[in-house]
Amino acid sequence: MQLGEDRTMAEFGEAGFTRLVAAFYRRVREDDIVGVLYPPDDWEGAEWRLRAFLCQRFGLSTEYSEKRGHPRLRMRHMPFAIGPAERDRWLELMSAAMDETEVPANVRATLTPFFVQVAEHMRNQD
């Protein structure tokens, strides 16, 4: 993260990530492409993991690593078939969640390229 991003993300805060992740998972639960990849009995856990990961990645908390260790995102997502359709839908749902929660433009300018990079990194199918 660059110096300006630190302040921007601190202003967005854990509350901003909480709203964003909740809006995202409301969409995921109903989605026929991405939603089916999630265990139906672990929505709260999935929501906590994403929120805690984002808060850690953007310097707001260390709770994720304290409870789960290194993120190892690619390894943790390997059991799920993630191709271009799943990647694109994940990004579409996250974009809609950012719209709904009115993520400020300066925060969105930081989050969008990060989400694109991570979503592509999770892809394990052609």
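Residues numbered from 1 in each chain as written. Predicted model: local features only at pLDDT ≥ 70, side-chain atom pairs only at ≥ 80, totals over all residues. Heavy atoms only, no water.

### Observations concerning the overall build of the protein
Then, in step 1: Regarding its fold elements, the protein presents six helices and zero strands.
Then, in step 2: Over its C-alpha atoms the protein spans a radius of gyration of 14 Å, differing by no more than 12% from the 14 Å that the globule rule assigns to 126 residues.
Then, in step 3: Overall size of the protein, expressed as C-alpha extent along the three principal axes, is 35 × 30 × 25 Å.
Then, in step 4: Counting the 126 residues in the protein, one finds 40% classified as buried.
Then, in step 5: In the structure as shown, the protein presents an accessible area of about 7100 Å², 51% of it carried by carbon and sulfur atoms. (Helix = DSSP H or I, 4+ residues; strand = E, 2+ residues; numbered from the N terminus. Rg over C-alpha atoms; globule rule 2.2 N^0.38 Å. Buried < 20%, exposed > 50% of the residue type's maximum accessible area, 1.4 Å probe, protein only. Areas by Shrake-Rupley, 256 points an atom, 1.4 Å probe, with all protein chains shown as cover.)

### Observations concerning helix H6 (residues 105–122)
Then, in step 1: When the terminal C-alpha atoms of H6 are compared, their 25 Å separation across 18 residues agrees well with the 26 Å that a helix rising 1.5 Å per residue should span.
Then, in step 2: Within the sequence span of H6, burial applies to Val107, Thr110, Leu111, Phe114, Phe115, Val118, Ala119 and Met122. (Expected span 1.5 Å × (residues − 1).)

### Section: the pattern of salt bridges
Then, in step 1: For the structure shown, the criterion picks out 12 salt bridges.
Then, in step 2: A salt bridge links Glu100 to Arg27; the nearest nitrogen and oxygen atoms lie 2.6 Å apart. You can see Glu100 sitting in helix H5 (residues 84–100) and its partner Arg27 sitting in helix H1 (residues 3–30), a full 73 residues away along the chain.
Then, in step 3: A salt bridge links Arg89 to Glu92, with the shortest nitrogen-to-oxygen separation between them at 3.9 Å. Placement of both Arg89 and Glu92 in helix H5 is noted, with a separation of three residues, approximately one turn of the helix.
Then, in step 4: What you see here is one network of salt bridges that share partners, running through Arg87, Asp88, Glu120, Arg123 and Asp126. (Salt bridge = Lys/Arg side-chain N within 4 Å of Asp/Glu carboxyl O.)

### Some thoughts on the side chain of Asp31
Then, in step 1: Here Asp31 is to be found in the loop between H1 and helix H2 (43–57).
Then, in step 2: For Asp31, the side chain forms a polar contact with the side chain of Arg89, separated by 2.4 Å.
Then, in step 3: When residues no more than four places from it in sequence are discounted, the contact partners of Asp31 are Val36, Arg89 and Leu93. (Polar contact = N/O pair within 3.5 Å; in protein donor to acceptor, adjacent residues only side chain to side chain. Contact = heavy atoms within 4.5 Å.)

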